[in-house]
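# Working through the structure, step by step
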Amino acid sequence: VLVLCMPLHSGFFRAFFLAIILASLAQQFLVLRRPSGDSSRARAASSSSTSSTQQMSFSLQPRTKKVTRNEVIIGLSSLAGLYTKMEEQHAIDVVHCALDLGFRNFDTAPHYGLGLSEERFGKALKSYPKMSRELREEIKIWTKVGRVIKDKREVLETDRVEEGNVFGHPDCVFPENNPESRPTLNYTGDGIAQSLTDSLERIGVKHIFGIRVHDCEDELRYNEAANKDTGAFVKIQQMRDDEKVVEDVSLGGNDPMYSLRAIRESADNTFDGVMAAGSWNLIDQDGCELYKECEKRGMYIHNAGIYASGLLVGGTTYKYGPANEEVIAKKKAWEALCEEFGNVSLPAVAMAFSVAPNVVKKFAVGVKSRFEVEKTLEWLNEIDNIDPKIWEEAKRKGLLASDCTVPSVF
């Protein structure tokens, strides 16, 4: 607020503080692209981020409907104090602001603060002064499965503890993790059923809309999940179709190749869709093959990491490390193009591009303040003012492939 109210002659200070806010925005987006502890691997290095897909066709069916708040998923990793601690009341206020502004889709996970994100989200729902039966029915909640949070005294010798998300570990990005809790990796049917039961208790609800099998992206996790008798993939289909404890089941992760493998090796209609992080944005579209597979099968994509690890909202990192010169140059070229077309904001252009393929039914953005929730709505409304010629110019300048699907209805 102070930044926005500064007089024009305070331009330097206004720019300085706005840069700080954008850097804060950028920081949170890293969680969707960061390796999840010691068992995760980085995907392709940023130096090869565009070269590996140069020969691929990027043509997908274009979106034909206007983008609204219904297409936005509010990501809740920040409620657990991502990178820096967050007061509980502040976290609750963020959710209340999102509800006030008409956002109804929310995504959380046990991984975020070892259940802290879910707990604070539940408290926010319970304390929202305008909550009604009708509003509660409008709200769609997704959480994730694949990790069971245990008290450290209850951990068995056979449990696989994800050490990278334990309080005090140098890779842990949630400084408010309970030192007495341990995340155990469990992609069995029994494990994900227990994970959902625990999540419902933490959120304080009897039912949520959907679950995602989370970070199933190494051979041990994948093989456990894919087991035809005892694995998570078989179980989530049963939970949706037979037990009817959820309405929607999907995958959620960073590596599109593991999602492709799961889809192709599982029975038809096992998954409703995929939350794919960082695989379709203005910097690169390395998840295009996954998008095409989902399009062919009538599945959805929920696009996460639409700001390229936060690079497009003021960050300096890309795919787990410092952005290289090629990536930075591409970001600057996009910034120049936005100025050329009426000084439209880069985040709004990134948002519009993220839902250009019709297979993308929703996109996720992380927020950790009222200001960031309000900016999300501002950028969403700005989409309508984007000059459609910007996309052809982007192709002419080589920022997008000539056959890349671009926004056509905004």
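Structure report, in brief. (Residues numbered from 1 in each chain as written. Predicted model: local features only at pLDDT ≥ 70, side-chain atom pairs only at ≥ 80, totals over all residues. Heavy atoms only, no water.)

### Quick notes on the overall build of the chain
Looking only at helices and strands, one finds 14 helices and 13 strands in the chain. Going through the 410 residues of the chain one by one, you find that 58% of them count as buried. Considering only residue pairs separated by 6 or more positions, the chain has 79% of its internal contacts joining residues 24 or more positions apart. By element, 51% of the accessible surface of the chain is carried by carbon and sulfur atoms, the whole surface being about 17,600 Å². (Helix = DSSP H or I, 4+ residues; strand = E, 2+ residues; numbered from the N terminus. Buried < 20%, exposed > 50% of the residue type's maximum accessible area, 1.4 Å probe, protein only. Contact = heavy atoms within 4.5 Å. Areas by Shrake-Rupley, 256 points an atom, 1.4 Å probe, with all protein chains shown as cover.)

### Remarks on unusual backbone geometry
A positive phi angle is found at Ala 308, which is not glycine, with a value near 55°. A positive phi angle, near 60°, is found at Ser 309, a position not held by glycine. Among the structural elements, Ser 309 can be located in the loop between β10 (300-304) and β11 (317-318). On the basis of relative accessible area, Ser 309 is assigned to the buried category, the value being 3%.

### With respect to the pattern of salt bridges
Summed over the entire model, instances satisfying the criterion amount to 33 salt bridges. A salt bridge links Arg 147 to Asp 215; the shortest N-O distance between them is 2.9 Å. Of this pair, Arg 147 sits in strand β4 (residues 147-151) while Asp 215 is found in the loop between β7 (210-214) and α7 (219-226), placing the two residues 68 residues apart along the sequence. Taken individually, Arg 147 and Asp 215 each receive the classification buried, so the pair is uniform in this respect. Across the salt bridge formed by Arg 264 and Glu 289, the nearest N and O atoms sit 3.3 Å from each other. Within this pair, whereas Arg 264 is found in helix α9 (residues 256-265), its partner Glu 289 is found in helix α10 (residues 288-297), the two being separated by 25 residues in sequence. Residue class for Arg 264 comes out partly exposed when judged on its relative accessible area of 43%. Judged by relative accessible area, Glu 289 falls into the partly exposed class, the value being 32%. Salt bridges sharing partners connect three or more residues here, namely Arg 264, Asp 268, Glu 289, Glu 293, Lys 296 and Arg 297. (Salt bridge = Lys/Arg side-chain N within 4 Å of Asp/Glu carboxyl O.)

### Brief notes about helix α14 (residues 389-396)
Note: α-helices contain 3.6 residues per turn, so residues at a spacing of three or four share the same orientation. What α14 keeps buried is the set Ile 390, Trp 391, Glu 393, Ala 394 and Lys 395. Those residues of α14 hidden inside the fold are in contact with α11 (325-340) and α12 (346-354). The positive-phi residue at the C-terminal boundary of α14 is Gly 398, with phi of around 85°.

### Observations regarding the nonpolar core
Ranked by size, the top nonpolar core spans 102 residues in total, and within it Phe 233, Trp 334 and Trp 391 carry the most contacts. Apart from the residues within four sequence positions on either side, Trp 391 is in contact with Leu 282, Trp 334, Val 349, Ala 352, Phe 353, Ile 386, Leu 400, Val 406 and Pro 407. (Core = buried A, V, L, I, M, F, W, Y, C linked by side-chain atoms within 4.5 Å.)

### Things to note about helix α3 (residues 88-100)
Taking 1.5 Å of rise per residue, 13 residues should cover 18 Å, and α3 covers 18 Å from first to last C-alpha, within 8% of that figure. For α3, the complete set of buried residues consists of Ala 91, Ile 92, Val 94, Val 95, His 96, Cys 97, Ala 98 and Leu 99. The elements touched by buried residues of α3 are β1 (72-75), β2 (105-107), α4 (116-127) and α13 (370-382). Immediately downstream of α3, the backbone of Gly 102 shows phi near 95°, a positive value. (Expected span 1.5 Å × (residues − 1).)

### Some details on the sheet that holds strand β9 (residues 273-277)
One closed barrel accounts for 8 strands, arranged β1-β2-β3-β7-β8-β9-β10-β13; its pairing is parallel. Between one strand axis and the next, the sheet turns by 25° as a mean value, whatever way the strands run. Bridge count for β2 against strand β3 (residues 140-145) is 3 bridges, and the pairing is parallel. Of the residues in β3, the one forming a bridge with Phe 106 is Ile 141. Contacts from helix α8 (residues 232-241) reach β7 and β8 (248-253) within the one sheet, and its direction differs from that of β7 by about 180°. (Pairing = 2+ DSSP bridges. Axes fitted to C-alpha atoms, helices over the stretch in contact; angles between N-to-C directions.)

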